[in-house]
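# Structural overview for review
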Amino acid sequence: QVQLVESGGGLVQAGGSLRLSCAASGRTFSSYAMGWFRQAPGKEREFVAAISQSGGSTYYADSVKGRFTISRDNAKNTVYLQMNSLKPEDTAVYYCAAKYDKYVTTFYYARGNEYDYWGQGTQVTVSS
């Protein structure tokens, strides 16, 4: 089992940047593909970005491609989401999620129901 704790959210002006972190407990972080999702008020949760176990494969939602970067440091049990050129429509609670793979893979996952564990979320608010 793994526990996930997000941090780094806050209030930023449009065009600004934030870096979210998600720290995972446990000794097998490198066995988990990771993802970031977000949920705005009154909207369904949506996929943002995903990364494979080693970090060699990444995938982004079209809405954030070119502005957000997902990365991970397996030695620190942490996954990051660098968010640049933020827009008011990026305002949401951001969640990280972990998907366990028994075998070493290059897979990433874009659907929420594929993930096993979720963090509590961190609020990102972008003012216009």
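Residues numbered from 1 in each chain as written. Predicted model: local features only at pLDDT ≥ 70, side-chain atom pairs only at ≥ 80, totals over all residues. Heavy atoms only, no water.

## Notes on the pairing of strand β4 (residues 32–39)
For a regular strand, side chains alternate in direction, first toward one face of the sheet and then toward the other. Definition in use: Each residue is placed in one exposure class: buried if its accessible area under a 1.4 Å probe, protein chains only, is under 20% of its type's maximum, exposed if it is over 50%, and partly exposed if it falls in between. In this description a helix means any DSSP run of H or I spanning at least four residues, a strand means any run of E spanning at least two, and both kinds are numbered starting from the N terminus. Two strands pair if DSSP finds at least two bridges between them.
Burial runs high along β4: seven of the eight residues are buried. Pairing of β4 with strand β9 (residues 92–100), which is carried by eight bridges, proceeds in the antiparallel orientation. Among the inter-strand pairings, F37 is bridged to a residue of β9, identified as Y95. With five bridges connecting them, β4 and strand β5 (residues 46–51) associate as antiparallel partners. Within the sheet, the bridge partner assigned to F37 lies in β5 and is F47. Between β4 and the antiparallel strand that follows it, β5, lie six residues; G42 among them carries a positive phi value of about 75°.

## With respect to the side chain of Q53
Keep this limit in mind: The contact rule is simple, with two residues in contact once any of their heavy atoms fall within 4.5 Å.
Considering the arrangement of structural elements, one finds Q53 in the loop between β5 and β6 (58–60). On the basis of relative accessibility, which here comes to 3%, the residue Q53 falls in the buried class. For Q53, the contacting residues outside a window of four places in its chain are S30, S31, Y32, A33, R72, N74, D101, Y103, V104, T105 and F107.

## Brief notes about the environment of V93
One can find V93 in strand β9. Through-space distance from the C-alpha of V93 to that of S128 is 17 Å; in sequence the pair is 35 residues apart. Residues within four places of V93 in sequence aside, it is in contact with F37, R38, Q39, G121, T122 and Q123.

## Topic: the state of the cysteines
Linking two cysteines covalently through their sulfur atoms gives a disulfide. Put simply, the test is: Throughout, disulfides are identified as pairs of cysteine sulfur atoms within 2.5 Å of each other.
Following the criterion strictly, the structure yields one disulfide and no others. One disulfide bridge connects C22 with C96, the sulfur atoms lying 1.9 Å from each other. One quick way to see it: the torsion about the S-S bond of C22 and C96 is about 40°, and its sign makes the bridge right-handed. Of the two residues, C22 is situated in strand β3 (residues 18–24) and C96 in strand β9; the sequence distance between them amounts to 74 residues.

Interpretation in functional terms is not warranted from these geometric data alone.
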